[in-house]
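Geometric and topological summary
In case you want the letters, here they are:
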Amino acid sequence: MTSVIVDRRPDKGKSTANRQRVLKRLDGALKAQVDKLVSRHKLQDTDKAVEVTIDRKNVSEPSFILDPAAGAFGRIIPGNDQYRVGDKIPRNPSQGQGGGGGQGAGEGSSDEEDTFRFVLSREEYLSLLFDELELPALVRKDLLEIDETRFRRGGVIRYGNPGSVCVARTFKASIGRRVAAEAQYQEALEEAEAALVVARGSGIQSLVNVAELELQEIRRRGADIPFLDPVDLRHRNLVEVQVPSTAAVMFCLMDVSSSMDEKRKDLAKRFFTLLYLFLTRKYKKVDLVFIRHTDQAQEVDEDTFFNGTQAGSTKVLSALSKMSEIVEARYPASRYNIFGAQASDGDSFGGDSTESSAYLLSQLLPCARYFVYAEVGERPAHGSTSLWAAYRSIDSDHFNMATVSARNEVYPALAKLFNKEQ
Amino acid sequence: MRDTSKLSGSEWTMDDLLSIEQACARHAAGYALDTFPNQMEVITSEQMLDSYVSSGLPVNYGHWSFGKHFLIENAKYRSGANALAYEIVINTNPCIAFLMEDNSLAMQALVIPHACFGHNSFSKGNYLFRQWTQPDAILDYMLFARNYVADCEERYGFDRVEQTLDALHALRDQGLDKYKRPSKLDTRKERAEQAKRLSAAQETMRQAEYYSLVPKSPKAASAAEVFPQNPEENLLYFIEKHAPKLEPWQRELARIVRKIAQYFYPQRQTQVMNEGWATFWHHRLIYDMYDAGEIDQGILLECLHSHTNVVHQREYSSLNPYALGFAAWNEIKRVCENPTDEDREYLPDIAGKDWLETFHDTMQNYRDESFLLQFLTPKLVRDFKLMNIQTLEGLDHWTVDHTAGAEGFKSIRSNLSAAYRLESYMPEISVVRYAHDSDRKLVLHHQSYNGRMLAKAQAEQTMKHLRWLWGFDVTLETIDQNGKLLAKY
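A quick note: this is a predicted structure, and the numbers were derived from the prediction, not measured.

This brings us to the overall build of chain B. Tallying secondary structure elements over chain B gives 21 helices and nine strands in all. In terms of overall dimensions, chain B has a C-alpha envelope of 90 × 55 × 45 Å along the principal axes. Per-residue burial for chain B yields a buried fraction of 45% across its 489 residues. When contacts within chain B are restricted to residue pairs at least 6 apart in sequence, those whose partners lie at least 24 apart make up 74%.

Given below as structure tokens:
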């Protein structure tokens, strides 16, 4: 009898496939929770996993079981230290189930809770969240035009530098060549041997000599078949391919004038974060640029952007031209997918709105993949602000806008901007 | 420095596990424990959960329900509501035992004798396992099942396979041959026969097409002919063979589901005996290892601590199979070695006999129901302070009708034994009529005892699955022992 120990620990992830299956099964139930999840889940800690609660009804597995409450039945109870024959014990309705052995309780007890909770990984949560969203078709088409050159493996070729020799293929070629050459050699050898026999049979010495020389020559050639010949060499080939650029930059533009109170900033922040998360799923690397503005624009770091305060009036144009400036300096449109996201309460004065909208249309939209404007603030003001009115006249497939007046509207607003059906 | 000859501390290495196993093997040989070779697999807690949800089988086909149970068990485990099993062992040859990496050395010293010698010898020796399972073939069969299901998913679509398996799983408990010994699992034969069945099915379809062109002779409606002639208890088998609309691959899935359900049939009927047996032997072997100086006192004490938790019986709650089984086997040993007059009266067959011989004979030839009926001692009933309580539907109280005295012993013994009878916790459902010449309606009977009924909501959901599989009308009637109709689904 031999006993063995096997370390199975490296053999991970067997449950992953079934987890995907149950998530797929729960898709509807999970999506219904997305809105709730978004508002409850703090966006700052997007690295954390999310806990969801699922009604068991969505994944019930019925079977024929006995009703624990029906009919007459008995139980064997251990530990009796107070009851005598004939005593009556009040029946606890929740305790009514289970055969004497506790075995029968198996199926019943698994249903005692109506819901179960589990943790979604960040990936699973985001894919659920953004499942319905997609970059607008036009944007994707544009994407293919901005190319980057990459090398990738492309078959096997006969010439190349020694470092790229493909050993397996070279040997394969060598075997083929040797098989062919040796077959030929065998044939010639047999012929020469036969000729020698004939020559000997004829008894003429000169013929024998010629035949012997011939045979020697063939043997020599046979011995000369090399194991590896330069013609056998095979090299791995690299081909240049054009791939769409995967780098993106997202400009966050926010009005920080005094009319933007904490609540509005909070909404803006949520909007930016969600958009950022969405973009990180589409692009390998997303740079962030924060531009805040009052009547003049400044590029700042993230902390200052969300937490710093500044007083002043509002001039949207300043931020737009700042963005244009930075694009020119650091993010050439040929190499980056440029996304703009602007959040503002829509207040602006004088000709700023129209100037901004014209600037956006003529200067920024031609180089940007997509520019979105989110108007944050209380509902009555929506759609009546001067900026909103001016932006509405922009007719471009690269531009879209939405309003957000409460936390739970952030995600729907984003969904509207990136609706798959669009 | 650590004394290499004696194991101590809580850290362990693979070699330590092997030396525990070998020490146990030496001691077990003295008790003539016959086991399959052991294959101990060290796994993580996640892998433990994983095998947990597929009944311990290391290979299983893909289905969302396993994923669901994983999520539920995982949440319970993470929240600390449930501790994980320390080990899982299934009856394969070699006997695969999963040992968790988080276990301390003492825990490993407890679970190795428990699983690798207790459960292992039980599943090799017990008659139910010998008759109903093939430890050599199960892993091959599971691999075959997994590949077949994956193949079906590719060929017939993920959703259709899932729907079929959902429906079949609902009837899993009705896929058992309870009295007839099932045919042997043989993956090669299974594959060959599967191909044969598939081509036969196609042939039948071709013939049916041909015959449908031939004008039928006016045949007297043989409505009087009842089919099946005898009620069929194996619903899944009946569906596999007779469901009018299923496609051949769906019949194969039905076969796979019922074969696997059948494999676990012995387990559920020997829980008390099997756990008791394994607990008895780990208890014994740990002391043997300690006496032989193979483990130190710290390990012994930690083992005993866990052992005590395992065999703890809470008062006024359901019976703990570990506690009951452990006590029952200890009682058998006591009756063999030091019988009292009472024991001689109730257990004359074993009183004063050789305990080890009695143990082996009992382990091989009984299941929970017969084991308790035969070997429950009055002393155990007194020690456990058992009482029997009865109630009726609608009553707001239980009535105590027997307590652990001499006069109540026999009733308690028979009631306890009956509680482990399959019918007492699983509904008895059988196919009684299939109108295969008319509307193809199927009639099932649920035999009710003592007014026990099916859980209504669940039964209705299950019927939906059954109707989908059958493709025509299906009725389920609950009837009492006098044949009176109690309910209809």
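Okay, helix α9 (residues 235-242) of chain B next. Residue and element names in this part refer to chain B. Most of α9 is tucked away, with six of its eight residues classed as buried. Every buried residue belonging to α9 is among Leu-235, Leu-236, Tyr-237, Phe-238, Ile-239 and Glu-240, and all of these are buried. Buried positions along α9 lie against α7 (158-170), α10 (248-263), β6 (428-434) and α21 (456-470).

A few words now on the domain arrangement of chain B. All names here are of chain B. Under the domain assignment used here, chain B contains domain 1 (14-126 + 270-304), domain 2 (313-423) and domain 3 (426-488). For domain 1 versus domain 2, the separation of C-alpha centres amounts to 26 Å. If you look at the interface, domain 1 gives 14 residues, while domain 2 gives 17 residues. Within the residue set of the side of domain 1 that touches domain 2, elements represented by two or more residues are α4 (105-125) and α12 (271-291). Among the elements that make up the side of domain 1 that touches domain 2, the one with the highest residue count is α12 (eight residues). When its residues are assigned to classes, the side of domain 1 that touches domain 2 shows seven nonpolar, six polar and one charged.

Okay, the sheet that holds strand β5 (residues 397-403) of chain B next. The antiparallel open sheet is built from four strands, whose spatial order is β3(A)-β4(B)-β5(B)-β4(A). The outermost strands of the open sheet, each flanked by one partner alone, are β3 (73-77) and β4 (88-90) of chain A. Between one strand axis and the next, the sheet turns by 35 degrees as a mean value, whatever way the strands run. Sheet analysis places β4(A) next to β5(B), joined by three bridges and oriented antiparallel. Each bridged residue has a counterpart across the sheet, and for A:Pro90 the counterpart in β5(B) is B:His397. Of the strands in this sheet, β3 of chain A together with β4 (387-391) and β5 of chain B touch helix α19 (residues 409-419) of chain B, which is tilted by about 105 degrees from β3(A).

Looking down a regular strand, the side chains alternate between one sheet face and the other. In this structure, strand β1 (residues 4-7) of chain A lies alongside strand β1 (residues 38-43) of chain B, joined through four bridges in parallel fashion. Paired with A:Ile5 across the strands is B:Met40, a residue of β1(B). Sheet analysis places β1(B) next to strand β3 (residues 95-100) of chain B, joined by six bridges and oriented parallel. When the sheet's bridge partners are listed, B:Asn38 is paired in β3(B) with B:Cys95.

As a further point, take the interface of chain A and chain B. Across the boundary between the two partners, chain A contributes 59 residues, which contact 78 residues of chain B. Contributing elements (two or more residues each) for the side of chain A that touches chain B: β1, α1 (16-25), β3, β4 and β5 (115-120) of chain A. For the side of chain A that touches chain B, the element with the highest residue contribution is α1(A), accounting for six residues. Its residues assigned to classes, the side of chain A that touches chain B shows 25 nonpolar, 18 polar and 16 charged. Both β3(A) and β4(B) contribute to a ladder of five bridges, which runs antiparallel. Within β4(B), the residue paired with A:Phe73 across the bridge is B:Thr391.

Of the residues in chain A, 84% have a pLDDT of 70 or more, and the chain-wide mean is 78. Between residues 94-112 of chain A, whose pLDDT stays under 50, and residues either more than four places distant or in other chains, the model counts 35 contacts.

What follows deals with the pairing of β3(B). Residues and elements named next belong to chain B. Counting buried positions along β3 gives five out of six residues, so the element sits mostly inside the fold. Two elements, strand β2 (residues 87-90) and β3, share four bridges in a ladder whose sense is antiparallel. Along β3, the bridge assignment pairs Ile-90 with Ile-96.

This part takes up the domain arrangement of chain A. The domain architecture assigned to chain A consists of domain 1 (16-30 + 49-54 + 117-125), domain 2 (167-233) and domain 3 (243-417). Between domain 1 of chain A and domain 3 of chain A, the C-alpha centre-to-centre distance is 33 Å.

Turning our eyes to something else, we now look at the packing of helix α6 (residues 138-156) of chain B against α10(B). For any two helices packed against each other, the geometry comes down to the angle between their axes and how far apart the axes lie. All names here are of chain B. The contact between α6 and α10 brings their axes to 11 Å, and the two run at 150 degrees. When the axes of α6 and α10 are compared, the pair comes out roughly antiparallel. For the crossing formed where α6 meets α10, the hand is left-handed. Residue-level contacts link Ile-138, Tyr-141, Ala-145, Tyr-148, Cys-152 and Tyr-156 of α6 to Trp-249, Glu-252, Leu-253, Ile-256, Lys-259 and Tyr-263 of α10. The class makeup of the residues in the contact of α6 with α10 is 10 nonpolar, no polar and two charged.

Conventions we followed
- Residues numbered from 1 in each chain as written.
- Chains lettered and ligands numbered in written order.
- Predicted model: local features only at pLDDT ≥ 70, side-chain atom pairs only at ≥ 80, totals over all residues.
- Helix = DSSP H or I, 4+ residues; strand = E, 2+ residues; numbered from the N terminus.
- Buried ≥ 20, exposed ≤ 12 C-beta atoms within 10 Å, placed from the backbone.
- Contact = placed C-beta atoms within 7 Å.
- Domains from an automatic or database assignment.
- Nonpolar A, V, L, I, M, F, W, Y, C, P; charged D, E, K, R; others polar.
- Pairing = 2+ DSSP bridges.
- Axes fitted to C-alpha atoms, helices over the stretch in contact; angles between N-to-C directions.
- pLDDT = per-residue confidence, 0-100.
- Parallel < 35°, antiparallel > 145°, perpendicular 65-115°, else oblique.
- Left-handed = near helix turned anticlockwise from the far one by under 90°.

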